[in-house]
Each structure stands twice: as C-alpha cells, then as structure tokens.
Amino acid sequence: MAQSKIRSRTARFIQGLAAGVLGTLCVLYLASLYGIINLDYTGDVPFLLWLHWCRENMGLSLVAFGICAFLYCVCLLRLNEMLNQENQHINEVESLENKLDLLINLFFGIGVIWTAIGIRNALLVSLSGLDAGTAQRMGAFVILKRLIDGGMLLALSTTIFGGIGGYVMRIIKIWILGSRLSVLYESYEKQNMAPIIVRLDTISAL
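Rules and cut-offs
- Residues numbered from 1 in each chain as written.
- Predicted model: local features only at pLDDT ≥ 70, side-chain atom pairs only at ≥ 80, totals over all residues.
- Heavy atoms only, no water.
- Helix = DSSP H or I, 4+ residues; strand = E, 2+ residues; numbered from the N terminus.
- Buried < 20%, exposed > 50% of the residue type's maximum accessible area, 1.4 Å probe, protein only.
- Polar contact = N/O pair within 3.5 Å; in protein donor to acceptor, adjacent residues only side chain to side chain.
- Salt bridge = Lys/Arg side-chain N within 4 Å of Asp/Glu carboxyl O.

1. Some words on the side chain of Thr115
Phase 1 of the analysis: Structurally, the position occupied by Thr115 is in helix α4 (residues 90–127).
Phase 2 of the analysis: Its relative accessible area of 16% is what places Thr115 among the buried residues.
Phase 3 of the analysis: For Thr115, the side chain forms a polar contact with the main-chain oxygen of Ala155, separated by 3.2 Å.
Phase 4 of the analysis: In this structure the side chain of Thr115 is engaged in a polar contact, spanning 3.5 Å, whose partner is the side chain of Thr158.

And the structure:
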C-alpha cells in the first residue's frame, strides 16, 4: 500500500515536471517563431540547427504535436498503472483506452490539418498576382521557389511526421498494453456470460 502511494506520488511529480518543461519549450519555441527571441541560425550549435529545421519544416504544428504527444504519454502511463492494480474497474480502463485512441487519431488529424493549411498558403503565395504573361516572365523556378517558401515544405513535413508518429503511438500502445487489455476484456466477458450459462444449464436440466 505504501509502495503504491509512493509510486503514485512519483508519477505525479514526473508528470508535473514534464508538463512544466514542455510548457517552457512551447513558449520559447513560439517566441522564436514570431521573432520575440532572436536566435540566429549557426551550423555549429546542434540545438540551433534543430530549431531552424523545426521552424522551416514544422511551424506551429510542432506545438500541437507536442501537446498531443504529452497527453498521450500521460494517458498511457495512467492506463499502465491501472492495469497493474489488483482491483481493475473495467469502465475506467475502457474510458482511458478510448482517450488514448482519440489522441492517436488526433495526432494523425493534426498532420492532415496542417497539410491542408500548408498547401493553401503555398498556393496563395505562389499564385497571387500572377497571370499568364507574368508567369512566363518569372519562369518555373521562381514560381516553384515561391511555392516552397509559401508553405509546401510545411505541408509535406507535417504529413510525414503525423503519419509516422501516429503509427508509432499505436505500436507502443499494443506492445505495452495489448496483451493485458485482451486478458482483462476476455475475463470481463466471461464473468458476464457466467450467469447466462448457469441459467441455460438449469433450463437444460429441467
């Protein structure tokens, strides 16, 4: 009993610490993205290299992805802790699993939404003020550059990141919790079927 309380307090402390770190990183990233904090890109510093890549390829979607991934980790740890307990409430387990599946689908959805946003912005930037004559004078390379600068990289990167991340989240859930969830649901189904089987045996005996 005492060990379970200590584990619960430790898990809450870690979750609170992770939430604080994630919130700080989100604030710093947004400040860098909007130019409030000026961090010049230099290839010698790995952190600035990573930050530059995120700003160019992920944009605001990285904040949404980060929040969704954090909530997923919280639900995953809670569900894992719940399955390790002796007295398991099937309704709470099922509710938490539904939240976990919702977050996985939301991770996919964020990638799709930002893909649409990136393609829309890229088309607006690249095709604004263009007609046939202007496009012929500018050339295909300039138009392609405007398309990329307008957000095409954002659209492609968020699609890849959302797809890979979503499948990885599903694999982690099945790998860590899959067998125990199957055993729990199977035992619960057998418990519900037991009274029906008894009644059928009684009717058969009569």
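2. A few points about the pattern of salt bridges
Where charged atoms from two side chains of opposite charge come close, those side chains can pair.
Phase 1 of the analysis: In this structure the tally under the stated criterion is two salt bridges.
Phase 2 of the analysis: Of the charged contacts in the structure, one is a salt bridge between Glu97 and Lys173, with a shortest N-O distance of 3.2 Å. In this pair, Glu97 sits in helix α4 while Lys173 sits in helix α6 (residues 140–205), placing the two residues 76 residues apart along the sequence.
Phase 3 of the analysis: Accessibility expressed as a relative area gives 13% for Glu97, which makes it buried.
Phase 4 of the analysis: The class of Lys173 is buried, set by a relative accessible area of 12%.
Phase 5 of the analysis: One salt bridge in this structure joins Lys173 and Asp101, with 2.6 Å as the shortest N-O distance. Of this pair, Lys173 sits in helix α6 while Asp101 sits in helix α4, placing them 72 residues apart in sequence.
Phase 6 of the analysis: Residue classification places Asp101 among the partly exposed residues on the basis of a relative accessible area of 27%.
Phase 7 of the analysis: Where salt bridges share partners, they join Glu97, Asp101 and Lys173 into one cluster.

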